[in-house]
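So you can see what is in the structure, the chains are spelled out below.
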Amino acid sequence: MAGHSKWANIQHRKGRQDAKRGKIFTRLIKEITVAAKMGGGDVNMNPRLRLAVDKAKAESMPKDNIENAIKRGTGQLDGVDYVECRYEGYGIAGAAVMVDCLTDNKTRTVADVRHAFSKYGGNMGTDGCVSFQFKHCGYLVFAPGVDEDALMEAALEAGAEDVVSNDDGSIEVVTGPYEFSDVKDALEAKGFKSEMGEVTMRAENETELSGDDAARMQKLLDALEDLDDVQDVYTSAIIGE
């Protein structure tokens, strides 16, 4: 992966995420509800719920919305019974794509996901066809210009798994999925604020696309992300200018 385009790609992806903020509350409420249903309503005893609540707070979700979503998950309030499902496939130039969904109708969801893959030049595959290419982890990105040595020392001291320096000067801190919040808080306490941070499925190997291939891949990713039942879309594709 050419380091010179890394930061530009990260900014591009962040910009597209910000443009989709209208759907963020709906997806976070679903995630909070399912996390509470699976692991209970105590954020201190349920790491998945803590991550979802932290993200909701970061997006300025009202406290009542968060509490009601937890109550729906624990059965204190009536709510939709969501199930988790994951679909895998290939995009342009064989780039791996993984789609996580929360749905009350799997028949509808699989049909919608398959249609998006086929309409925009991808191929939906079988369970497990690409998931081995991804690692579940926390991921923080720091802008070029940050003190690399100081950040590395602070990150490793906070429990980060890895610190990656890119050719363009940006730095990536990788954590365990459930250590993400603690590492992020520790780094912020020392003055290191990330430009982007999330718990994600990170591709172990990346596929760099440019020109027409990049445009086609972006259309496929947008089509998948626009589906109502889709929570997250992960890909090995790096979209060039």
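Per chain, residues are indexed from 1 in the order of the written sequence. Owing to the predicted nature of the model, reporting of local features is limited to residues with pLDDT of at least 70; listing and counting of side-chain atom pairs is limited to 80 or more, with chain, interface and lining totals taken over all residues. Excluding hydrogens and water, the side-chain figures rest on all heavy atoms present in the structure.

Naming follows an unreviewed UniProt entry, where the protein chain appears as Probable transcriptional regulatory protein ABI908_22695 of Chromobacterium phragmitis. UniProt positions are given in the numbering used here, feature names are shortened, and annotations may be inferred rather than shown by experiment. UniProt, in the comment section headed Subcellular location (unreviewed entry), describes the protein chain in these words: "Cytoplasm". One UniProt comment on the protein chain, placed under Sequence similarities (unreviewed entry), says "Belongs to the TACO1 family."

Caption draft 1: Spatial organisation of a negative patch on the surface. Together, D147, E148, D149 and E153 make up a region of like negative charge exposed at the surface. The class for E148 is partly exposed, based on a relative accessible area of 35%. Patch definition: residues above 30% relative accessible area lacking any salt bridge, with like charges linked at up to 9 Å and the nonpolar side chains Val, Leu, Ile, Met, Phe, Trp and Tyr linked at up to 5 Å. Note on areas: Shrake-Rupley, 1.4 Å probe, and residue coverage restricted to the protein chains presented here. The salt bridge criterion pairs a side-chain nitrogen of Lys or Arg with a carboxyl oxygen of Asp or Glu, the two atoms within 4 Å. His is not counted, nor are the chain ends; Lys and Arg add positive charge and Asp and Glu add negative charge. Lys charges are placed at NZ, Arg charges at CZ, Asp charges at CG and Glu charges at CD. Three labels apply to residues, based on accessible area from a 1.4 Å probe with only protein chains included: buried if under 20% of the type maximum, exposed if over 50%, partly exposed otherwise in between.

Caption draft 2: Main features of the layout of surface pockets. Every definition here rests on a 1 Å grid over the protein atoms only: cavities are sets of points where a 1.4 Å probe fits but cannot get out, pockets are open sets enclosed by protein on both sides within 12 Å along at least five of seven lines, and lining residues have some atom within 4 Å of a point. Grid points are joined across faces, edges and corners, and a volume is the space filled by probe spheres set on the points. Approximately 170 Å³ is the volume found for the second largest pocket. Numbering of helices and strands runs from the N terminus; a helix is a DSSP stretch of H or I covering at least four residues, while a strand is a stretch of E covering at least two. Broken down by secondary-structure element, the contributors of at least two residues to the lining of the second largest pocket are β4 (134-142), β5 (162-165) and β7 (196-203). Residue polarity is assigned by list, with Asp, Glu, Lys and Arg as charged and Ala, Val, Leu, Ile, Met, Phe, Trp, Tyr, Cys and Pro as nonpolar; anything else, Gly included, falls into the polar class. Tallied by class, residues from the lining of the second largest pocket come to 4 nonpolar, 1 polar and 6 charged.

Caption draft 3: Examining unusual backbone geometry more closely. One non-glycine residue, S60, lies in the positive phi region at around 60 degrees. Of note, S60 is situated in the loop between α3 (47-58) and α4 (63-74). For S60, a relative accessible area of 59% corresponds to the exposed category. The backbone of A93 sits at a positive phi, close to 60 degrees, despite the residue not being glycine. Mapped onto the elements of the fold, A93 is located in the loop between β1 (83-90) and β2 (96-103).

Caption draft 4: Broad picture of the sheet that holds strand β3 (residues 123-124). In this description, strands pair whenever DSSP reports at least two bridges between them. Reading across from one edge, β3-β1-β2-β9 is the order of the 4 strands in this open sheet, with antiparallel pairing throughout. Edge strands, defined here as strands with exactly one partner in the open sheet, are β3 and β9 (230-235). The pairing of β1 with β2 spans 8 bridges and is classified as antiparallel. Across the sheet, the residue bridging to G89 is V97, located in β2. Each of β1, β2 and β3 touches helix α5 (residues 106-119); the most contacted strand, β1, lies at about 20 degrees to it. Here, residues are in contact when the closest pair of their heavy atoms is within 4.5 Å. Interaxial angles span 0 to 180 degrees and are taken between N-to-C directions of axes, which are lines fitted to C-alpha atoms, for helices over the stretch in contact.

Caption draft 5: Geometry of the UniProt feature "domain: TACO1/YebC-like second and third" (unreviewed entry) in the protein chain. The UniProt record annotates "domain: TACO1/YebC-like second and third" (unreviewed entry) at residues 82-236. Strand forms 34% of residues 82-236 and helix 32%; the C-alpha atoms that close the span are 27 Å apart.

Caption draft 6: Looking closely at helix α2 (residues 24-39). The span you would expect from a helix comes to 1.5 Å times its residue count less one. Taking 1.5 Å of rise per residue, 16 residues should cover 22 Å, and α2 covers 22 Å from first to last C-alpha, within 8% of that figure. Of the residues making up α2, those classed as buried are I24, R27, L28, K30, E31, I32, T33, V34, A35 and A36. Of the residues flanking the end of α2, it is G40, one or two places downstream, whose phi is positive at about 90 degrees.

Caption draft 7: Representation of the sheet that holds strand β6 (residues 171-175) within the structure. The strand order across the open sheet formed by 4 strands is β5-β6-β4-β7, and the pairing between neighbours is antiparallel. Strands at the two margins of the open sheet, each flanked by one partner only, are β5 and β7. Going across the sheet, the axis of each strand differs from the next one's by a mean of 30 degrees, ignoring polarity. The pairing of β4 with β6 spans 5 bridges and is antiparallel. The residue bridging V141 from the neighbouring strand is E172, located in β6.

Caption draft 8: Focus on the environment of G128. As for its position among the elements, G128 is in the loop between β3 and β4. Take G128: its relative accessible area is 36%, and that puts it in the partly exposed class.

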